[in-house]
Amino acid sequence: MLLQLNIKQFGIIEQASIDFNNGFTVLTGETGAGKSMILSAISQLSGQRTSISYIRHGEEKSTIEGVFDFPGNEELNDIFSSLDIELDDLIIIKRDIFSNGKSICRINNTVVNLSTLKKISSFLIDIHEQHDNQTLLLEKKHLFLIDSYGEKILSPFIENYKNNYFEYRKLYKKIEELEEDSSEISKKIDFTKYQINEIEAINLQKNEVENLKSEIDYLSNYEKINSLILGINQNLNTDGGVLEKTYNIKTLLEKLSRHNGDFSSKYQEINDFYYILEDLKYDLSRFNDNLDYDEARLNEMGNRLLTIKSLEKKYMKNADELLIYKDELKNELFYLENYSSNLDELKLKLHTLEKNLLDSAKLLSDNRKKIAEILEKKIQSELKFLCMEKSTIKIDFKYKDFSADGIDDLKILISANLGEPLKSLSKVASGGELSRIMLALKIIFSDNIKGLSIIFDEIDTGVSGKVSQRMAEKIYQLSQKNQILSISHLPQTTALSDYNLYIEKSIIDNRTISKVKYLDEEEKVNEISRMISGNNTTKLSKEHAIEMIKISEKIKKRNCR
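Throughout what follows, the structure given in this document is the object of discussion. In this text the structure is predicted, and so the values were computed from the model without any measurement.

### Considerations on unusual backbone geometry
Here comes step 1: Non-glycine residue Asn203 carries a positive phi angle of around 50 degrees.
Here comes step 2: For Asn203, the location among the structural elements is in the loop between α6 (185-201) and α7 (208-220).
Here comes step 3: You can call Asn203 exposed: its relative accessible area is 52%.
Here comes step 4: One non-glycine residue, Asn510, lies in the positive phi region at around 60 degrees.

The structure is reproduced here in structure tokens:
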């Protein structure tokens, strides 16, 4: 539920802070007073596209902030946790719109992108704007209505179908590509063989490059290595060298430790160090015996390394990757040489997948038809109350080829008058009829939704008299489970509201400013009276307004929360 809306420098609204209540709030005021600006401000909190035209003239930015209570939805809770957004009893959405065209969105002080804002706000706000009625005329949207209404039942069937469909399409595309490339198979086989032979010709071994580099480094530095060994030996083995001196120290420490045990550990360390030097002496001796310079070997290894590097550059892979690539080429060659049998095998698999796909498509379609029958009856019932008792609604199914959403090509058909044939909504439904059908759908879909803020922008447009009264009652019925904010010019809708928010504009210092306030009982009577008779309210219009409010109170008692 929307608890508070704060607006700064947005259109003709300089600054406004509006507290909202649960139940049914109607927004009224003269045309152009700024009612739609309130709706546009809320729309910004739902992630709708913004525009610098929203920024009040002369200002650098606009700010809209909405405070919502947390609806206790587990899915929403998971989203907050995954995004590491602080979760409290309140959800505060803030959006700053800057004159350079950029905007910044925050949820509980965490900056989020528009897609995240849209995802989270969908759990909080449902905005019905005037042009939304036209979406009913888009027949491609009708399937979505069925799937949304029967979501709990249809979800596993939709998921199963989609898994089968994408698996089928993937294999179908692969077969298609293979058939298109059949003329190139022979060329591919020859080229693959050539690559395999080229790599095998150099008899590449694992870790060979590292070993070659190590041996080349050794041979290239032969004289330096020999000189180093000679220097170590001279310091180690000559009279008075390190080995002899270490032995003498070791001997003296051993004697000292017999008189003072504190030196025992030092003796042990020197003793160990002496034998390390002994080991080094013998290691150097063995290494020196094997030390041999072979110029021919050095040249051979240099050429070998150049050969490998040339192949690495050609294939843009290092030596170890070339070994892996060779195995991949062999697998591909096997596949290409067995192309015909592989293709036949894939086609057989595709036939099995197609059968599974058709089975899952029929299962999905059958369940959609069951949902459609239930939805038809519910729409019919709602339309009867909305003074369309002679109308007939039918959800028509036709078969179509496999697609991502199934094999159902469906559309909602209507006969608005008794004896008239069923036709598509776009051909027979008037603006008032579309409004009533849309409202009926809102009523039906709200059965499983609680705690949402539903905003209507003149959904009751294009109707009058008894129809407008019935629509007002249905909007009030919606407010039993959800918070309703509705812009309206109709007295029947206003009379049934729990709260009347009045928007008016005035001119201060040659600037137009919108102001917002809640009307008390007397002011509400005057507002309804104005709606009935226009600007010149009369005693009769006031009496009529009072009577409408009394009737509305009786209706509310029948629908008591």
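Back to the write-up after that little detour.
### So, the side chain of Ser529
Here comes step 1: The topology assignment puts Ser529 in helix α18 (residues 521-533).
Here comes step 2: Judged by its relative accessible area of 0%, Ser529 is buried.
Here comes step 3: With residues up to four places along the chain from it excluded, the contact list for Ser529 reads Gly534, Thr537, Thr538, Ser541, Lys542 and Ala545.

### Here's the deal with the pattern of salt bridges
Here comes step 1: Following the criterion strictly, the structure yields 21 salt bridges and no others.
Here comes step 2: Note that Asp126 and Lys442 form a salt bridge whose closest N and O atoms lie 2.8 Å from each other. Highlighted residues: Asp126 in strand β8 (residues 125-128) and Lys442 in helix α15 (residues 431-445), separated in sequence by 316 residues.
Here comes step 3: A relative accessible area of 24% means that Asp126 is categorised as partly exposed.
Here comes step 4: One network of salt bridges, with partners in common, ties together Glu30, Glu527 and Arg530.

### Examining the nonpolar core
Here comes step 1: Counting 61 residues, the largest nonpolar core has Ile146 and Ile395 as the members making the most contacts within it.
Here comes step 2: Ranked by residue count, the leading element in this core is helix α13 (residues 339-385), at 13 residues.
Here comes step 3: Excluding residues within four positions of it along the chain, Ile146 makes contact with Leu154, Arg368, Ile371, Ala372, Leu375, Ile395 and Leu410.
Here comes step 4: Grouped together as the second largest cluster of nonpolar side chains are 40 residues, Ile93, Ile97, Ile487 and Ile503 included.

### Re the packing of aromatic side chains
Here comes step 1: Taken as a whole and judged by the stated rule, the model has 12 aromatic pairs.
Here comes step 2: Measuring from ring centre to ring centre gives 4.8 Å for Phe10 and Tyr54, while their planes differ by 20 degrees; the resulting arrangement is stacked. Within this pair, whereas Phe10 is found in strand β1 (residues 2-10), its partner Tyr54 is found in the loop between α1 (35-45) and β4 (61-69), the two being separated by 44 residues in sequence.
Here comes step 3: For Tyr54, a relative accessible area of 21% corresponds to the partly exposed category.
Here comes step 4: Note on Tyr499 and Tyr518: the rings are 6.4 Å apart at their centroids and 75 degrees apart in plane angle, and the pair reads as edge-to-face. Of this pair, Tyr499 sits in strand β14 (residues 499-508) while Tyr518 sits in strand β15 (residues 511-518), placing them 19 residues apart in sequence.
Here comes step 5: Classification of Tyr499 by relative accessible area gives partly exposed; the value is 30%.
Here comes step 6: Taken together, the ring pairs connect Tyr161, Tyr165 and Phe166 into an aromatic cluster.
Here comes step 7: Seen from the ring of Phe385, Arg470 lies directly overhead, with NZ or CZ sitting 4.6 Å from the centre.

### Details of the environment of Ser82
Here comes step 1: Counting through the fold element by element, Ser82 comes out in helix α2 (residues 74-82).
Here comes step 2: Of the residues examined, Ser82 reaches a relative accessible area of 58% and is grouped as exposed.
Here comes step 3: Within polar-contact distance, the side chain of Ser82 engages the backbone oxygen of Ile79 at 2.8 Å.

The rules we used
Counting of residues starts from 1 at the beginning of each chain's written sequence and follows it residue by residue. The predicted nature of this model means local features are confined to residues of pLDDT at least 70 and side-chain atom pairs, given and counted, to a pLDDT of 80 or more, with totals for whole chains, interfaces and linings taken over all residues. Side-chain numbers come from the whole structure's heavy atoms, not from hydrogens or water. Secondary structure is summarised from DSSP: a helix means a run of H or I of at least four residues, a strand means a run of E of at least two, and numbering begins at the N terminus for each. Think of it in three bands: with a 1.4 Å probe and only protein chains considered, a residue is buried below 20% of the maximum accessible area for its type, exposed above 50%, and partly exposed in between. The contact criterion used throughout is that any non-hydrogen atoms of two residues lie within 4.5 Å. Should a side-chain nitrogen of Lys or Arg be within 4 Å of a carboxyl oxygen of Asp or Glu, the pair is scored as a salt bridge. Remark: nonpolar core denotes a set of buried residues (Ala, Val, Leu, Ile, Met, Phe, Trp, Tyr, Cys) joined through side-chain atoms within 4.5 Å. In summary, the pairing rule links any two rings of Phe, Tyr or Trp, Trp by its six-membered ring, whose centres are within 6.5 Å, and it sorts them by plane angle into stacked for under 30 degrees, edge-to-face for over 60 and tilted for everything else. Should the NZ of a Lys or the CZ of an Arg lie within 6 Å of a ring centre and within 35 degrees of the ring normal, that charge is described as sitting over the ring. Here a polar contact is taken to be a pair of N or O atoms separated by no more than 3.5 Å, where protein atoms must pair a possible hydrogen donor with a possible acceptor and residues adjacent in sequence count only if both atoms sit in side chains.

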